[in-house]
Amino acid sequence: MASLHEGAELPPVNLDVTPCPGFLLASSRTESTFDEIPVIDLADAFSGNAEKRSELAVKIRDACVNVGFFYVKNHGIPQATIEKTIAAAKTYFALPEEVKMQLDIHKSSNFKGYTALLGENTDVTGNGDLHEGFDIGFESAPGSQATSPNASTGGSMAGENVWPDGLPGFKDAVLQYYHSALDLGRIFFPLFALALDMPGGWFDDKTKESAAIMRLLHYPPQSATTVQEGQIGIGAHTDYECFTLLWQDKAGGLQVKNSSGKWIDAVPIPGTIVVNLGDQFARWTDDVFKSTPHRVINRSGAERYSIPLFFGTDYDVLLTPIPTCLSPGRTPQYEPIKAGDYVKARLEATYAHSAA
Ligand SMILES: O=C(O)CCC(=O)C(=O)O
Ligand SMILES: [Fe+2]
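Residues numbered from 1 in each chain as written. Chains lettered and ligands numbered in written order. Predicted model: local features only at pLDDT ≥ 70, side-chain atom pairs only at ≥ 80, totals over all residues. Heavy atoms only, no water.

As recorded by an unreviewed UniProt entry, the chain carries the name Clavaminate synthase-like protein and is attributed to Coprinellus micaceus. Here the chain is described in UniProt, under the heading Sequence similarities (unreviewed entry), as follows: "Belongs to the iron/ascorbate-dependent oxidoreductase family." (UniProt positions renumbered as here; feature names shortened; annotations may be inferred.)

Structural data, given as structure tokens:
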């Protein structure tokens, strides 16, 4: 389908909902386990029919409190945009290592650029990740005058992207995907608000310039690499921001850990995007929404490509429990922290544990 979101207006939000402190606590802050990852159809996200939107919000709530992961179909990112970006990623990763290393992320003051194979160690107990990556932050779409979100609050994470020389079309393709994925991301906060029994507009003033870091990732097949103990595609981890929108190719290898410790395969489903919650949301909901550990092991025998986009709240938002996630007599699990300070600390820790 063409972009679901282009020019689409969200239906008016019902601001009469009264937050009910503790409502979600009894039912939702449980260690529920799961054996599969739900697939949710986003077709009703723009329905003017309040009942359909609220049915969708209930499905999202179930996925968020029980699994922390779900697939979405009818996500609106055009297939042609995805294909162009993956073709660009393949061309980029095929460049000589010394050319890619000119943009080494370890030399960047704002976490932008290239991460080499084994240049990152996401699980600190591991021996390096078997992927290479290319990271960008917000940049206006070619021809657009939009100002950079988080320019004021992003601190060391804001600032310019870096782009490889001599790859015509790379930047345009990647930014086209980035903006399509941002459009998709923007529809989720009103749905998450409904899922949390908060007024649909509750996140609006907290997500005006939502932070979004995007990565192109390339995982060589494990079998073709000299793999040491503790080396997999990406070590077990949780994501840092509110939620992640992940496109993955058909190689497979993404696994999600349930609360019994079992790794569940997030098998590639054509035409879907994987959505998973991150630690900002776990902190913000005092663990009502789950930030679930995941990892990648590429045993497919083929090269694997994926594109995660990490969608956060504005960096100056203080993450203290959302009212429906509080209950009398219960002490929140986490110290309040500003969203940007939290992400920066996690990024610094990641790169401190990785090879320069
Ligand atoms: O490549 C994938 O499927 C997952 C990537 C991931 O978990 C991440 O970058 O945080
Ligand atoms: Fe992740």
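Resuming the write-up.
**A short note on the confidence of the model for the chain**
Confidence in the prediction of the chain, expressed as mean pLDDT, is 86, and 84% of residues score 70 or more. Segment residues 1-17: pLDDT under 50, and 30 contacts once partners within four positions in sequence are set aside and those in other chains are kept. Here the predicted complex scores 0.90 on pTM and 1.00 on ipTM. (pLDDT = per-residue confidence, 0-100. Contact = heavy atoms within 4.5 Å.)

**Remarks on the sheet that holds strand S11 (residues 294-296)**
Reading across the sheet, the 4 strands line up as S6-S11-S8-S9 and stay open at both edges, with antiparallel pairing between neighbours. Because the sheet does not close on itself, it has two edges, and the strands there are strand S6 (234-237) and strand S9 (263-265). Neighbouring strand axes in the sheet, compared pairwise and without regard to direction, differ in orientation by 25° on average. In the sheet, strand S8 (residues 254-257) pairs with S11 via 3 bridges, with the strands oriented antiparallel. Each bridged residue has a counterpart across the sheet, and for Gln255 the counterpart in S11 is Arg295. (Pairing = 2+ DSSP bridges. Helix = DSSP H or I, 4+ residues; strand = E, 2+ residues; numbered from the N terminus. Axes fitted to C-alpha atoms, helices over the stretch in contact; angles between N-to-C directions.)

**A closer look at the site of ligand 1**
With respect to spatial proximity, 13 residues lie near ligand 1, and among them Tyr219, His237, Asp239, Arg304 and Ser306 are the closest. Residue Tyr219 places a side-chain N or O atom 2.6 Å away from an oxygen atom belonging to ligand 1. Within the side chain of Ser306, one N or O atom sits 2.7 Å away from an oxygen atom of ligand 1. Protein contacts shield 96% of the accessible area of ligand 1, which totals 300 Å² for the unbound molecule. Those elements giving two or more residues to the shell around ligand 1 turn out to be strand S5 (212-219), S6, S11 and strand S12 (304-311). Of the residues forming the shell around ligand 1, the biggest block, 4 residues, is contributed by S12. (Near = heavy atom within 4 Å. Polar contact = N/O pair within 3.5 Å; in protein donor to acceptor, adjacent residues only side chain to side chain. Areas by Shrake-Rupley, 256 points an atom, 1.4 Å probe, with all protein chains shown as cover.)

**A look at the pairing of S12**
Of all 8 residues making up S12, 8 are buried, and the element is well covered by its neighbours. Both faces of S12 are covered, namely the face carrying Arg304, Ser306, Pro308 and Phe310 and the face carrying Tyr305, Ile307, Leu309 and Phe311. Sheet topology note: the S5/S12 ladder contains 6 bridges and is antiparallel. By the bridge assignment, Ala212 is partnered in S12 with Phe311. Taken together, the 6 bridges between strand S7 (residues 243-248) and S12 define a ladder with antiparallel strand orientation. Along S12, the bridge assignment pairs Trp247 with Ile307. (Buried < 20%, exposed > 50% of the residue type's maximum accessible area, 1.4 Å probe, protein only.)

**Quick notes on unusual backbone geometry**
Of note, the phi angle at Phe111 is positive, near 60°, even though the residue is not glycine. Turning to its location among the elements, Phe111 is positioned in the loop between helix H4 (97-100) and strand S3 (113-115). In this structure Phe111 comes out as buried when scored by relative accessible area, which is 13%. Residue Asp197 is not a glycine yet carries a positive backbone phi of 60°. Within the secondary structure, Asp197 sits in the loop between helix H6 (188-195) and S5.

**Thoughts on the packing of aromatic side chains**
With the rule as written, the count across this model stands at 26 aromatic pairs. With a centroid separation of 5.9 Å and an interplanar angle of 45°, the aromatic rings of Phe134 and Trp163 are classed as tilted. Separated by 29 residues along the polypeptide, Phe134 in strand S4 (residues 132-136) and Trp163 in the loop between S4 and helix H5 (170-186) bring together distant segments of the chain. By relative accessible area, Phe134 is classed as buried at 1%. (Phe/Tyr/Trp six-rings, centres within 6.5 Å; stacked < 30°, edge-to-face > 60°.)

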